[in-house]
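In case you want the letters, here they are:
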Amino acid sequence: MSDTTPATAGPRGGPPEEQSPLGPRIQAFRRRAGLSQEAAASRAGISTRALRDIERGRAHRPRPGTLRGLAEPLGLSGDELAHLLTAARSGPPRDTGRPRLLILGPLALRRGRTPVPVTGPMLRRLLGLLALKHPEPATQQEITDILWPSGPPRSHPSLIHTYVSQARRLLAPCGPRSAPQPTVARTPTGYRLEAPRNQIDLGHFDELLARAEPLHRTPDPETRYASLTEALRCWRGPVLADADPVLRRHPAAVAAEERRVRAALLHADTALLLGRSGEAVPVLADLVNAEPLHEGLHARLVLALAGSGEQAAALQVFTRLRVRLDEELGIEPGAEIREAHLRVLRRQLPGARRPDHRTATRSAPTQSAPTRSAPTQSAPTHYAPAHHRPAPGTPAPGTETRREPAHREPARPAGTHRTPAHPAPAHRTAAVGPTPAQLPAGVRMHVGRRPHVRVLDTLVATDPARRPHLAVLVGAPGVGKTALAMHWAHARREHFADGQLFVDLRGHSRLPALRPADVLAQFLRALGVPPHALPENSANPGNPGNSGNDDEAAALYRTLLADRRVLIVLDNARDAEQVRPLIPGAPGCAVVITSRSRLAGLVSADGARRIALDVLDPDEGCRLLGSIVGACNVAAEEEAARRLVELCGGLPLAIRIAGANLVARDTSIADHCAELAGDDILGRLRIEGDGRSTVRSAFELSYRTLPDEARRMFRLLGQLPGPDLTVGATAALAGLTPAASAALLARLADAHLVREKAGRFALDVLLRSYARELIGADEAHTARRRLLLSPARGPVRRGTGPDNCSGSYAGSAGSRA
């Protein structure tokens, strides 16, 4: 099951009637007061989680004492508090019992807030088609083509009548008899779903969009924005996301997706106009994945990201689109996206205020120059914390003094610049600029890993005494370490209002690994330190020198983070020494590290929480496969799907690649299993044209970092006659002493290339295949002969055959259970 949690509040979520009216009102009061959730909760004497639950509508009836505690920090008047107390006593509206059909995402039927199971693929297809066509009827021929794409049986008229009867029973009245009840009515040409438009999420969306579009020409953007936000909340994914392709390609479904894009464009334009760039980013990010060549969506995403202080991410969006247009269509980006790109480069950002150009005092009057000041974005509070804004200094003659709003915290004083001959010490340089938000995009569908997420959540625990500051995600190549780190970081970014820093340390990469000095320079620039204030080695990380300036850069880095709440994600670390200088001492900061090594030194010396990731069990693997190829397809071929997960060894990277190939080739899961069951399984677990999407290359990056003796031991382990071996048996296999063999096995286990349990060592399915690819025929024959003649042959546990790949996977999955 997925633990995916929306990372940012935006116009997404369930239908509007499922949200408590208290939540948005309290959130609006908090924003009016200029407080973060953490600050408001602290002043009210409640936990941040409790306030978050209230704002998100999870706590429908908060206690009166809680609301009275919030009254003072939120600045509520007597009438406002009385209204909130009345709403809390009455609670949310009761369910009416009227059915609501949802097709903007996976098909679902709800009676009030209670889900109604819709079983049977034929019934789901029929209801999906009728809802798509509503309020128009679906003809008999349309229904036949959707239910039986390959051709109907002779009895199809009576079968249609049966499915219509089942649909009527599902929609049978449960609410007040005076209210209109949905049903399926017979027409001269077919059948029509008779229901009010707002009882189908597509109809409700169309009503809201029709209400908002005329407002585009009126001077009331707030009303337009509210209507569009509510309209886009109806969408939980693509139209009928879990339906067959023939239904998803229906003209009515295509037209609905076009209206969604139109609403998103209008919503983004209005958000940019109102200075709410960050609220448009989640909607646009979802849609550019579904419409990868739509230049209008990309242009607005570029502007929204830049307006939220994420200029680097905005430029990456433009670069990816330009490369894709060139590779797939052979054309250059159009005028709209080029103009958005230029606006980012020129810092002509939506809703941005012009910077103050103040003259700084220097020791030599003849060398005075204007101090550079980063433009301050009019973005939401969580994108621009108050202590990141430059302090208002003495204005130059003729300039106007701006007064900061009363609810903002006082900004820190900026350092005084000196002449180039006597530069200011680095630790006195004030860091100004946009809040760093460097997290790359995370996976949209995340499966399982709930225990690991709970451990990561201790990094944001409310009790500082129980809150660690460092977590290490370790595991084999392709097991999903980076995916989990990105999923959690996006979901919890609201806890780190002062920004998020990210770097790929390239510990296992074809490129050289990054030095700590390289990363410190990158992070200091992201935190707003101007280039002239960087320590010498950090300003020129490629130049060798003593470590004094590196230590000074690390000290400046720790100083800048001393009273901030920043999340630092260090991906793909090589060893503990590479990351130690990048760990700040600030109690409010958190560090998440991913590595293929165990990084035991960070656990023993730095108090890190170590989180070991293993392969997915068969059920989780099938859910991951279903998120790519469709849950209905996995359910239709459940046995073949489980066999495919078994062939992939439960490795998330392999399952994702196999799923992507299934979608690209439009073949059955059983046929794809037959292709993978051959000798060259690693050669087939790759995506054409994408060098990163191959299982073999992921293994190779770990293998080539090993010393020669460890590489030899890994190759020989591919000759295991059973699922695992003891140290004595591996010593016989390699022709080494038990001590030397144990040392090499420990080195392989540290790199997560072998699995160790109770003194026995084994390779997972795909790693065994990779080891067998690397070994030569003579080396393999000699190793098997040594093992056969060795006294250590006894402890070998035999499997069902010489390869016993499935036994290795089953054993590992069983040990995890």
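These remarks concern the structure in this document.

How each quantity is defined
Residues numbered from 1 in each chain as written. Predicted model: local features only at pLDDT ≥ 70, side-chain atom pairs only at ≥ 80, totals over all residues. Heavy atoms only, no water. Helix = DSSP H or I, 4+ residues; strand = E, 2+ residues; numbered from the N terminus. Contact = heavy atoms within 4.5 Å. Areas by Shrake-Rupley, 256 points an atom, 1.4 Å probe, with all protein chains shown as cover. Pairing = 2+ DSSP bridges. Buried < 20%, exposed > 50% of the residue type's maximum accessible area, 1.4 Å probe, protein only. Phe/Tyr/Trp six-rings, centres within 6.5 Å; stacked < 30°, edge-to-face > 60°. Salt bridge = Lys/Arg side-chain N within 4 Å of Asp/Glu carboxyl O. Arc of directions from axis to C-beta. Axes fitted to C-alpha atoms, helices over the stretch in contact; angles between N-to-C directions. Parallel < 35°, antiparallel > 145°, perpendicular 65-115°, else oblique. Left-handed = near helix turned anticlockwise from the far one by under 90°.

Digging into the overall build of the protein chain
Part 1: When helices and strands are tallied, the protein chain shows 36 helices and 14 strands.
Part 2: Pairs at least 24 apart in sequence give 70% of the contacts found in the protein chain among residues at least 6 apart.
Part 3: Just so you have it, the protein chain exposes about 37,900 Å², and 53% of that area is on carbon and sulfur atoms.

Comments concerning the sheet that holds strand β12 (residues 725-726)
Part 1: Spatially, β12-β14-β13 is the arrangement adopted by the three strands of the open sheet, whose pairing is antiparallel. Only two strands of the sheet have a single neighbouring strand rather than two, namely β12 and β13 (755-757).
Part 2: Inspection of the sheet shows β12 paired to strand β14 (residues 760-762) by two bridges, in the antiparallel sense. Its bridge partner lying in β14, Thr-726 is registered against Arg-760.

A closer look at the environment of Leu-753
Part 1: Here Leu-753 is to be found in the loop between α33 (738-750) and β13.
Part 2: For Leu-753, a relative accessible area of 1% translates into the label buried.
Part 3: Between the C-alpha atom of Leu-753 and that of Gly-475, which follows or precedes it by 278 residues, the distance is 9.1 Å.
Part 4: Beyond its immediate stretch of four places on either side in the chain, Leu-753 contacts Pro-477, Ser-702, Tyr-703, Leu-706, Phe-714, Leu-748, Leu-763 and Leu-767.

Brief notes about unusual backbone geometry
Note: most peptide bonds trans; most residues except glycine with negative phi.
Part 1: In this model, His-134 is joined to Pro-135 through a cis peptide bond whose omega is 5°.
Part 2: Among the structural elements, Pro-135 can be located in the loop between α6 (121-133) and β4 (138-139).
Part 3: You will see that Leu-240, though not glycine, has its phi angle at about 45°, which is positive.
Part 4: Its location among the elements puts Leu-240 in the loop between α10 (221-233) and α11 (245-248).

Things to note about the packing of aromatic side chains
Part 1: Counted by the stated rule, this structure contains seven aromatic pairs.
Part 2: Between Phe-205 and Trp-235, the ring centres sit 5.4 Å apart and the planes meet at 90°, which makes this aromatic pair edge-to-face. Within this pair, whereas Phe-205 is found in helix α9 (residues 201-212), its partner Trp-235 is found in the loop between α10 and α11, the two being separated by 30 residues in sequence.
Part 3: Taking relative accessible area as the criterion, Phe-205 reaches 0% and is therefore assigned buried.
Part 4: Of the residues examined, Trp-235 reaches a relative accessible area of 4% and is grouped as buried.

A word on the pattern of salt bridges
Part 1: Under the criterion given, the structure shown has 31 salt bridges.
Part 2: Between Asp-206 and Arg-197 there is a salt bridge, and its shortest N-O distance comes to 3.7 Å.
Part 3: Exposure remark for Asp-206: the relative accessible area of 15% places this residue in the buried category.
Part 4: For Arg-197, a relative accessible area of 30% gives the class partly exposed.
Part 5: A salt bridge links Asp-619 to Arg-642; the nearest nitrogen and oxygen atoms lie 2.8 Å apart. Highlighted residues: Asp-619 in helix α24 (residues 618-629) and Arg-642 in helix α26 (residues 638-647), separated in sequence by 23 residues.

Things to note about helix α2 (residues 37-44)
Part 1: Within the sequence span of α2, burial applies to Gln-37, Ala-40, Ala-41 and Ala-44. Taken down its axis, α2 places every buried residue within 95° of arc, on the same side. Exposed residues lying more than 90 degrees from the buried face of α2 are Ser-42 and Arg-43.
Part 2: Buried-residue contacts for α2 involve α1 (22-33), α3 (48-55) and α4 (64-74).
Part 3: Looking at the residues trailing α2, positive phi occurs at Gly-45, about 80°.

Regarding the packing of helix α12 (residues 251-274) against helix α14 (residues 295-307)
Pairs of packed helices are described in terms of their axes, by the angle between the two and the distance that separates them.
Part 1: With their axes 10 Å apart at the nearest point, α12 and α14 run at an angle of 25° to one another. Relative to α14, the element α12 is oriented roughly parallel. For the crossing formed where α12 meets α14, the hand is left-handed. For the pair α12 and α14, contact is made by Val-261, Ala-264, Leu-265, Ala-268, Asp-269 and Leu-272 and by Gly-296, Leu-297, Arg-300, Leu-303 and Ala-304, respectively.

Comments concerning the sheet that holds strand β9 (residues 567-573)
Two pairing modes exist for strands in a sheet, parallel and antiparallel, and in both the strands are linked by backbone hydrogen bonds.
Part 1: Taken in spatial order, the five strands make up an open sheet running β8-β9-β10-β7-β11, and their pairing is parallel. Both edges of this open sheet fall to β8 (500-504) and β11 (609-612), since each of them pairs with a single strand only. Here the average twist between neighbouring strands, direction ignored, is 15°.
Part 2: Where β9 meets strand β10 (residues 590-595), five bridges bridge the pair, whose relative direction is parallel. Its bridge partner being in β10, Leu-570 is matched across the sheet by Ile-593.
Part 3: Where helix α18 (residues 481-491) meets the sheet, its contacts fall on β7 (470-474), β8, β9 and β10, and the angle it forms with β10 comes to roughly 160°.
Part 4: Along the sheet, helix α19 (residues 516-526) contacts β8 and β9; its crossing angle with β8, the most-contacted strand, is approximately 150°.

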